[in-house]
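An overview of the molecular structure
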Amino acid sequence: MKILAGAALLIVASGAMAQDVTFDQYEAVIEAGATHAERCKREVRLDDIGERCDSFFEYMRINSEITDGFLESAQREGDSVFKDVSTARRVQHRHYREQLATDSAYIVEMMQ
């Protein structure tokens, strides 16, 4: 019975992963990720790595399917994944994405 339940859960999970990720979902993950990274970066600067960095790494791990899914959609579909997204919103999103990338690189470098 446990095997059947596990198989059913796997089928449901794989079906959910196959769905396309929207820009709204991706944008929310990146913005929240940037906030988590900024908090973790403060801990790193104070040489007091703890809960905030744990939270950042856990958040990014949990949401990696969303980021990966959107990037895969963007590779497949090109700019059409941004349909109905204003230029101002794209610019704001780019800012958060760059902030996340910069802070993540700093965190990783300083933790080595």
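Every value quoted in this text rests on a predicted model; they were computed, and no experiment measured them.

The rules behind these values
Residues numbered from 1 in each chain as written. Predicted model: local features only at pLDDT ≥ 70, side-chain atom pairs only at ≥ 80, totals over all residues. Heavy atoms only, no water. Disulfide = S-S within 2.5 Å. Helix = DSSP H or I, 4+ residues; strand = E, 2+ residues; numbered from the N terminus. Buried < 20%, exposed > 50% of the residue type's maximum accessible area, 1.4 Å probe, protein only. Core = buried A, V, L, I, M, F, W, Y, C linked by side-chain atoms within 4.5 Å. Contact = heavy atoms within 4.5 Å. Polar contact = N/O pair within 3.5 Å; in protein donor to acceptor, adjacent residues only side chain to side chain. Expected span 1.5 Å × (residues − 1). Phe/Tyr/Trp six-rings, centres within 6.5 Å; stacked < 30°, edge-to-face > 60°. Lys NZ or Arg CZ within 6 Å of the ring centre and 35° of its normal. pLDDT = per-residue confidence, 0-100. Salt bridge = Lys/Arg side-chain N within 4 Å of Asp/Glu carboxyl O.

As a further point, take the state of the cysteines. All told, the structure shown has one disulfide when counted by the stated rule. Here Cys40 is linked by a disulfide to Cys53, with a sulfur-sulfur distance of 2.0 Å. One quick way to see it: the torsion about the S-S bond of Cys40 and Cys53 is about 95°, and its sign makes the bridge right-handed. Pair noted here: Cys40 is in helix H2 (residues 23-45) and Cys53 is in helix H3 (residues 51-62), with a separation of 13 residues, a long-range link. The burial state of Cys40 is the same as that of Cys53; both residues are buried.

With 15 residues, the main nonpolar core has Ala37, Cys40, Val44, Phe56, Phe70, Leu100 and Ile107 as its most contacted residues. Broken down by secondary-structure element, the contributors of at least two residues to this core are H2, H3 and helix H5 (87-111). The greatest single-element share of this core, amounting to seven residues, is contributed by H2. With residues near it in sequence (within four places) discarded, Phe70 still touches Val21, Thr22, Phe23, Tyr26, Val81 and Phe82.

The next point concerns the side chain of His36. In this fold, His36 is placed in helix H2. Only 3.3 Å separates the side chain of His36 from the side chain of Ser55, close enough to count as a polar contact.

Attention now goes to H2. Since one α-helical turn is 3.6 residues long, residues separated by three or four positions face the same way. Between its first and last C-alpha atoms H2 spans 32 Å; for 23 residues at 1.5 Å apiece the expected length is 33 Å, and the two agree. Positive backbone phi, approximately 55°, marks Asp47, located one or two places after H2.

Below, the discussion takes up the packing of aromatic side chains. Each aromatic ring pair is described using two quantities: the centre-to-centre distance and the angle formed by the ring planes. According to the stated counting rule, one finds five aromatic pairs in the structure shown. Look at Phe23 and Phe82: their rings are 5.6 Å apart centre to centre, the planes differ by 65°, and that puts the pair in the edge-to-face class. In this pair, Phe23 is assigned in helix H2 and Phe82 in the loop between helix H4 (64-77) and H5, connecting sequence segments 59 residues apart. Cluster of aromatic residues (ring-pair linked, three or more members): Phe23, Tyr26, Phe70 and Phe82. We note Lys41 situated over the ring of Tyr106; from NZ or CZ to the ring centre the distance is 5.2 Å. Over the ring of Tyr106 we find Arg45; its NZ or CZ atom is 5.6 Å from the centre of that ring.

This part takes up the confidence of the model for the protein chain. The predicted coordinates of low-pLDDT regions are not to be read in fine detail. Scored by pLDDT, the protein chain comes out at a mean of 84, with 83% of its residues at no less than 70. Mean pLDDT values over the elements of the protein chain span from 39, in helix H1 (residues 2-18), up to 95, in H2. In the predicted structure, residues 1-18 sits below a pLDDT of 50 and forms one contact with residues beyond four places in sequence or in another chain.

To continue, consider the pattern of salt bridges. Scanning the model with the defined rule gives seven salt bridges in all. Residue Glu27 is joined to Arg89 by a salt bridge in which the shortest nitrogen-to-oxygen separation is 2.7 Å. A residue pair is termed long-range when its members are at least 10 positions apart, and Glu27 in helix H2 and Arg89 in helix H5 qualify at 62 residues. Given a relative accessible area of 10%, Glu27 falls into the buried group.

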